[in-house]
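Summary of structural features
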Amino acid sequence: MKQVTLSHVGKTYGGVDAVHDFSLTVKQGELVALLGPSGCGKTTTLRMIAGFVLPTAGEIRIGQHNVTEMPPYRRSTGMVFQNYALFPHMTVSQNVGFGLEMRNVARADIKARVLEMLRLVHLDHLLDRYPRQLSGGQQQRVALARALAITPDVLLLDEPLSNLDAKLRHAVRIEIRQLQRKLGLTTIFVTHDQEEALAVADRLVVMNKGRIEQVGTPRELYDTPRTAFIADFMGRANFLRGYVSAPGTFLTQSGQRFYFSGSAPSSTSILSVRPDCIDLVPGDAAPKHPNVLSGIVRAITFLGPVNEVMIGSDTGQTISVHSRTASHDIASLKEGEPVRISWPVKASQILDASDWPDNEGRYKNRTED
Ligand SMILES: Nc1ncnc2c1ncn2[C@@H]1O[C@H](COP(=O)(O)OP(=O)(O)OP(=O)(O)O)[C@@H](O)[C@H]1O
Ligand SMILES: [Mg+2]
């Protein structure tokens with residue numbers, strides 16, 4: 001197993017930057033998730049690492065080797081493509097054995113290895129089936145077995161779960177993570193599903209328009225997003241416009257005062273607070289936290305373990321609050337009635353708003369699932 005290093009890698013298609021100045025080291029045995037909206041350059045980045053696309057700038061290393069211009073079959077990368085691309089005219093075992101045959105491995109060894117790989121993904125009973133005779137999830141696992149068969153130094157997964165239903169998606173994602181850990185595979189996993197990325201990855205790389213927006217552990221990106229784009233991309237967030245009027249104090253455009261901890265960059269003008277960090281204040285009770293806002297309940301939506309309460313707030317903005325279904329605060333709430341909400345100082349995040357696109361409060365290029 002080897003580490004992967006990209007230094008200032010770029011790819012231009014006819015003057016358009018698909019990927020720009022991309023630098024990243026994926027450590028040996030690490031699983032890094034690459035995520036971002038459609039068209040942000042994820043597949044292009046993965047294809048450059050695999051060797052199917054030649055970069056127009058920068059250098060790619062696998063271990064000590066500069067592989068920037070090396071053909072794919074000499075790189076020792078296993079790739080699962082966005083649409084799992086099995087060879088339709090080959091059986092399951094022929095598909096899995098393909099890479100070994102290309103490498104002139106002896107027939108008996110191929111047979112043993114194919115069986116071993118198919119056992120790993122629990123498909124050793126379907127050796128002679130053709131792809132069209134398999135379910136989507138089974139095809140996905142054959143694609144994974146094929147990528148693993150050559151004992152790659154680096155495993156590249158391009159939205160490997162995109163065509164599975166929610167339940168299978170969850171099961172296969174756990175399977176991939178366990179395999180990856182067991183084999184100590186250096187892995188880059190592309191997804192546009194932020195929940196999936198949070199669940200599987202050691203580190204996340206969020207891309208936006210061909211560039212890296214932020215790199216960090218799932219916790220770091222969720223808790224301390226550097227920009228409004230990241231806060232919005234990594235789960236739900238409410239955004240209030242305004243400015244930092246004094247250390248630790250944020251003033252909205254409509255004159256409300258809110259408090260935050262830590263320093264804030266000077267160019268900021270967005271306060272972000274997540275729906276699950278906000279408490280409903282029951283009746284006349286004293287608010288638990290210093291940040292308090294009043295409004296009218298617009299809608300209550302049952303989402304299973306939580307209810308989403310949409311509140312038309314005094315700032316003029318609609319605020320989303322996630323309240324646990326089991327809590328009794330939610331039981332007394334009625335649509336059309338006044339309500340107060342509060343949140344802790346540390347739940348206010350002050351963000352760089354230089355990339356803030358409009359006054360609507362949402363990103364237009366956000367990928368909704
Ligand atoms: N062969 C190509 N020729 C011209 N432009 C391309 C080519 N391949 C990709 N692009 C462009 O490069 C950009 C990045 O594409 P890429 O496929 O890497 O996006 P992605 O992040 O994988 O998106 P998705 O989530 O939709 O799969 C897009 O604007 C795309 O149109
Ligand atoms: Mg893609």
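Values in this document were obtained by computation on a predicted structure and should not be read as measured data. (Residues numbered from 1 in each chain as written. Chains lettered and ligands numbered in written order. Predicted model: local features only at pLDDT ≥ 70, side-chain atom pairs only at ≥ 80, totals over all residues. Heavy atoms only, no water.)

1. Description of the overall build of the chain
Secondary structure summary: the chain contains 8 helices and 20 strands in total. In terms of overall dimensions, the chain has a C-alpha envelope of 80 × 45 × 35 Å along the principal axes. Here the chain holds 369 residues, and 52% of them are scored as buried. The contacts of the chain with a sequence gap of at least 6 include a subset with a gap of at least 24, amounting to 67%. Positive and negative side-chain charges in the chain, numbering 41 and 37 respectively, have mean positions lying 4 Å apart. (Helix = DSSP H or I, 4+ residues; strand = E, 2+ residues; numbered from the N terminus. Buried < 20%, exposed > 50% of the residue type's maximum accessible area, 1.4 Å probe, protein only. Contact = heavy atoms within 4.5 Å. Lys, Arg positive; Asp, Glu negative; His and termini not counted. Charge placed at Lys NZ, Arg CZ, Asp CG, Glu CD.)

2. Considering the site of ligand 1
Around ligand 1 sit Tyr13, Ala18, Ser38, Gly39, Cys40, Gly41, Lys42, Thr43, Thr44, Gln82 and Glu159, and those are all the residues in its vicinity. One nitrogen or oxygen atom from the side chain of Thr44 is found 2.6 Å from an oxygen atom belonging to ligand 1. The protein chains hide 58% of the 640 Å² of surface that ligand 1 would expose on its own. With 3 residues, the top contributor of residues to the shell around ligand 1 is helix H1 (residues 42-50). Split by residue class, the shell around ligand 1 holds 3 nonpolar, 6 polar and 2 charged. (Near = heavy atom within 4 Å. Polar contact = N/O pair within 3.5 Å; in protein donor to acceptor, adjacent residues only side chain to side chain. Areas by Shrake-Rupley, 256 points an atom, 1.4 Å probe, with all protein chains shown as cover. Nonpolar A, V, L, I, M, F, W, Y, C, P; charged D, E, K, R; others polar.)

3. As for the pairing of strand S19 (residues 338-343)
Bridge count between strand S15 (residues 279-281) and S19: 3 bridges; the pairing is antiparallel. In the strand pairing of S19, Leu280 is matched with Ile341. With 6 bridges joining them, strand S16 (residues 291-302) and S19 adopt antiparallel strand pairing. Residue pairing for S19: Leu293 is matched across the bridge by Ile341. (Pairing = 2+ DSSP bridges.)

4. A word on the sheet that holds strand S4 (residues 57-62)
Here 4 strands make up an open sheet; going across it, the order is S2-S1-S4-S5 and the pairing antiparallel. Strand pairing shows two members of the sheet lacking a second neighbour, strand S2 (16-26) and strand S5 (65-66), which therefore form its edges. As judged from the 5 bridges shared by strand S1 (residues 4-13) and S4, these two strands associate in the antiparallel manner. Counted as the bridge partner of Gly10 is Ala57 from S4. Sitting on the sheet, H1 is in contact with S1, S2 and S4, with an inclination near 120 degrees to S1. (Axes fitted to C-alpha atoms, helices over the stretch in contact; angles between N-to-C directions.)

5. Quick look at the side chain of Thr315
Relative to the helices and strands, Thr315 resides in the loop between strand S17 (306-313) and strand S18 (318-324). Assessed through its relative accessible area of 14%, Thr315 is described here as buried. Only 2.6 Å separates the side chain of Thr315 from the side chain of Ser313, close enough to count as a polar contact. Polar contacts involving the side chain of Thr315 include one to the main-chain amide nitrogen of Gln317, which spans 3.2 Å. Excluding its chain neighbours within four sequence positions, the residues that come into contact with Thr315 are Leu240, Thr252, Ser254, Gln256 and Leu293.

6. Concerning the pattern of salt bridges
Applying the stated rule across the entire model yields 13 salt bridges. With a shortest N-O distance of 3.9 Å, Arg119 and Asp124 are connected by a salt bridge. The residue Asp202 makes a salt bridge to Arg177 at a minimum N-O spacing of 2.9 Å. Residue Asp202 is found in the loop between helix H6 (194-200) and strand S9 (203-208), and its partner Arg177 is found in helix H5 (residues 166-183); the two are separated by 25 residues along the sequence. A residue is classified by how much of its surface remains accessible, and Arg177, at 11% relative accessible area, is buried. Through salt bridges with shared partners, a single network forms among Lys27, Glu30 and Arg203. (Salt bridge = Lys/Arg side-chain N within 4 Å of Asp/Glu carboxyl O.)

7. Thoughts on the coordination of the magnesium ion (ligand 2)
Protein-derived coordination of the magnesium ion (ligand 2) comes from Thr43 (OG1) and Gln82 (OE1), at a distance range of 2.0 to 2.7 Å. Placement of the pair is Thr43 in helix H1 and Gln82 in the loop between strand S6 (77-80) and helix H2 (92-102), with a sequence separation of 39 residues. (Donors = N, O, S within 2.8 Å, 3.2 Å for Na, K, Ca; no water.)

8. So, the environment of Ala18
Summarising the element assignment, Ala18 is placed in strand S2. With relative accessibility at 16%, the residue Ala18 sits in the buried group. Here the alpha-carbon distance between Ala18 and Lys42, two residues 24 residues apart in the chain, equals 9.0 Å. Look past the residues within four positions of Ala18 in its chain and what remains in contact with it is Lys11, Tyr13, Cys40, Gly41, Thr44 and Gly210.

9. Describing the UniProt feature "domain: ABC transporter" (unreviewed entry) in the chain
As annotated in UniProt, the feature "domain: ABC transporter" (unreviewed entry) corresponds to residues 4-234 in the numbering used here. Taken end to end, residues 4-234 is 37% helix and 26% strand, and its two terminal C-alpha atoms sit 25 Å from one another. (UniProt positions renumbered as here; feature names shortened; annotations may be inferred.)

10. As for the side chain of Gln214
Of note, Gln214 is situated in strand S10 (residues 211-216). Overall, Gln214 belongs to the buried group, its relative accessible area being 7%. With residues near it in sequence (within four places) discarded, Gln214 still touches Leu204, Val205, Val206, Leu221, Thr224, Pro225, Arg226, Thr227 and Ile230.

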